[in-house]
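What follows is each chain in one-letter form.
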Amino acid sequence: MRGRPQKQSLEYFPFDVDMFDDDKVSLISIEFGAVGESILIRLLCKIYRNGYFYQWGEDECLTFCKWSGG
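The paragraphs below set out a description of the structure included in this document. (Residues numbered from 1 in each chain as written. Predicted model: local features only at pLDDT ≥ 70, side-chain atom pairs only at ≥ 80, totals over all residues. Heavy atoms only, no water.)

Okay, the packing of aromatic side chains next. If you walk through the whole model with that rule in mind, you get one aromatic pair. Pairing Tyr 54 with Trp 56 gives two aromatic rings, centres 6.3 Å apart and planes at 65°, and the pair type is edge-to-face. (Phe/Tyr/Trp six-rings, centres within 6.5 Å; stacked < 30°, edge-to-face > 60°.)

This is the structure we're talking about:
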């Protein structure tokens, strides 16, 4: 019998219910609204999927611009 394969990343990460009360997140919300909040969550997912690190380059920037409607 084989065990479950080990993963290099997380399948989920804790999401604090008071995340949007954090001053840093509030500033994103004030300036960019729901789009900024969505991008923040997407970025956190990318970071944790890749093991706490996300290589940022031109392609990634373009992808995030697509999500923001820019």
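Turning to its location among the elements, Lys 46 is positioned in helix α1 (residues 23-49). Spatially, the C-alpha atom of Lys 46 lies 10.0 Å from that of Ser 9, the residues being 37 residues apart in sequence. (Helix = DSSP H or I, 4+ residues; strand = E, 2+ residues; numbered from the N terminus.)

On to the pattern of salt bridges, then. Across all of its chains, the model carries one salt bridge by this definition. Taking the shortest distance from any N to any O, the salt bridge between Lys 24 and Asp 22 comes out at 3.5 Å. Judged by its relative accessible area of 61%, Lys 24 falls in the exposed class. (Salt bridge = Lys/Arg side-chain N within 4 Å of Asp/Glu carboxyl O. Buried < 20%, exposed > 50% of the residue type's maximum accessible area, 1.4 Å probe, protein only.)

This part takes up α1. For α1, with 27 residues, the first-to-last C-alpha span of 25 Å runs short of the 39 Å given by 1.5 Å per residue. For α1, the principal kink sits at Phe 32 and spans about 130°. Restricting attention to buried positions, one finds in α1 the residues Val 25, Ser 29, Gly 36, Ile 39 and Leu 40. At the N-terminal boundary of α1, the capping side chain belongs to Asp 22, with an oxygen 2.7 Å from the backbone nitrogen of Lys 24. Two residues or fewer after α1 comes Gly 51, characterised by a positive phi angle close to 80°. (Expected span 1.5 Å × (residues − 1). Bend = angle between axes of the 7 residues up to and from the residue. Polar contact = N/O pair within 3.5 Å; in protein donor to acceptor, adjacent residues only side chain to side chain.)

As far as function goes, none of this settles anything; it's purely spatial.
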